[in-house]
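Structural overview for review
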Amino acid sequence: MLSLTQGALGLASGSLVGFSLGLVGGGGSILAVPLLIYLVGVADPHVAIGTSAIAVAANAAANLANHVRAGNVKWRCASVFALAGIAGAFLGSTLGKIIDGQKLLALFAIVMLVVGALMMKGRSGEGELSVRLNRENLPKLVAFGLVTGSLSGFFGIGGGFLIVPALIAATGMPILYAVGSSLLAVTAFGLTTAANYALSGLVDWSLAGLFIVGGVLGGLLGARSATSLAGRKGALNTVFAALIFAVAIYMLVRSLGLL
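Residues numbered from 1 in each chain as written. Predicted model: local features only at pLDDT ≥ 70, side-chain atom pairs only at ≥ 80, totals over all residues. Heavy atoms only, no water.

1. Digging into the overall build of the protein chain
Check the secondary structure of the protein chain and you find ten helices and zero strands. Helices and strands appear in the protein chain in the N-to-C order α-α-α-α-α-α-α-α-α-α. Over its C-alpha trace the protein chain gives a radius of gyration of 17 Å, about what one expects of a compact globule, namely 18 Å for 259 residues. Dimensions of the protein chain, computed from C-alpha atoms along their principal axes, come out at roughly 50 × 40 × 30 Å. Looking at the protein chain as a whole, 49% of its 259 residues qualify as buried. Here the protein chain displays about 11,800 Å² of accessible surface, and carbon together with sulfur accounts for 69% of that area. Taking the 14 positively charged and 6 negatively charged side chains of the protein chain as two groups, their mean positions are separated by 7 Å. (Helix = DSSP H or I, 4+ residues; strand = E, 2+ residues; numbered from the N terminus. Rg over C-alpha atoms; globule rule 2.2 N^0.38 Å. Buried < 20%, exposed > 50% of the residue type's maximum accessible area, 1.4 Å probe, protein only. Areas by Shrake-Rupley, 256 points an atom, 1.4 Å probe, with all protein chains shown as cover. Lys, Arg positive; Asp, Glu negative; His and termini not counted. Charge placed at Lys NZ, Arg CZ, Asp CG, Glu CD.)

Structure below.
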């Protein structure tokens, strides 16, 4: 049973994740697990991962709707990638459930360091506008989807920081299409991971609901702020990457028992 304080902190944490996603784009969901553990006070890392997976899927689905309206989703390529990744996400989340919680957090912290580094790299907007599913990119989409889905399921993260470059590498599509198409995969991977954890009773549904509500509210505020701060996008990415580095180091120290 959630306490009033935990509920308020869950709502605030969801708002922070949603705000960061709306403000700087991908990478925000990586903060969901550490916020649930170290701020909200979820004792079991596996419950934090299962619960965050629901929030990741909900955030991705909301953003996917926006990109669909803008025509930024390459459905055939995205569907092949997502279907292959669902199998990977199931396998990855099954393995994640049997790994010791503290070891899982240490590995998660290392992934966060990688995310922070990738956020500081510039992304090219060039690509093949007329890209479509064909015999050449089909096996690449399946292979990349399986690998990224496995990582997403194992750590309970959206994985957009891996999925976007994987879609570009497999098909040569422009970054805008890759971002839009990636959200179908993020939604699918998140739902698969959440369902697998839920089967083991490792999802706090009331907390997930508060986190999602907070994420919607924070996302709206973040999107509005992004418009006014568009000229400072590079600086915002750098600041947010620094935050991810700091949280990752803290998680690593805590999970290894050094603090």
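Back to the text.
2. Notes on the side chain of Thr187
One can find Thr187 in helix α8 (residues 175-199). Leaving out residues up to four positions away in the same chain, Thr187 has contacts with Ala57, Ala60 and Ala61. (Contact = heavy atoms within 4.5 Å.)

3. As for the packing of helix α3 (residues 45-69) against α8
Relative orientation of the contacting elements α3 and α8 amounts to 145°, with a least axis distance of 7 Å. Our pair here, α3 against α8, has a crossing hand that is left-handed. Along the contact surface, α3 presents His46, Ile49, Gly50, Ala53, Ile54, Val56, Ala57, Ala60, Ala61, Asn63, Leu64 and His67, while α8 presents Leu176, Val179, Gly180, Leu183, Leu184, Val186, Thr187, Gly190, Leu191, Thr193, Ala194 and Tyr197. When grouped by side-chain class, the residues that make up the contact of α3 with α8 number 16 nonpolar, eight polar and no charged. (Axes fitted to C-alpha atoms, helices over the stretch in contact; angles between N-to-C directions. Left-handed = near helix turned anticlockwise from the far one by under 90°. Nonpolar A, V, L, I, M, F, W, Y, C, P; charged D, E, K, R; others polar.)

4. Notes on helix α6 (residues 138-155)
Over its 18 residues, α6 extends 26 Å from the first C-alpha to the last, a length consistent with the 26 Å expected when each residue adds 1.5 Å. For α6, every residue scored as buried is listed here: Leu141, Gly145, Thr148, Gly149, Ser152, Gly153, Phe154 and Phe155. Those residues of α6 that are buried are in contact with α3, α4 (75-98), α5 (101-119), α7 (160-171) and α8. (Expected span 1.5 Å × (residues − 1).)

5. With respect to the packing of aromatic side chains
Within this structure, the stated rule accounts for three aromatic pairs. Here the aromatic rings of Tyr38 and Tyr250 are separated by 5.2 Å at their centres, their planes lie at 80°, and the arrangement is edge-to-face. With Tyr38 in helix α2 (residues 32-40) and Tyr250 in helix α10 (residues 233-255), this pair connects stretches of sequence that are 212 residues apart. Take Tyr250: its relative accessible area is 35%, and that puts it in the partly exposed class. The interplanar angle of 90° and the centroid separation of 4.8 Å between the aromatic rings of Phe154 and Phe155 together place this pair among those described as edge-to-face. Summarising the burial analysis for this pair, Phe154 and Phe155 share the class buried. Put simply, the rings of Phe108, Phe154 and Phe155 touch in pairs and so form one group of aromatic residues. (Phe/Tyr/Trp six-rings, centres within 6.5 Å; stacked < 30°, edge-to-face > 60°.)

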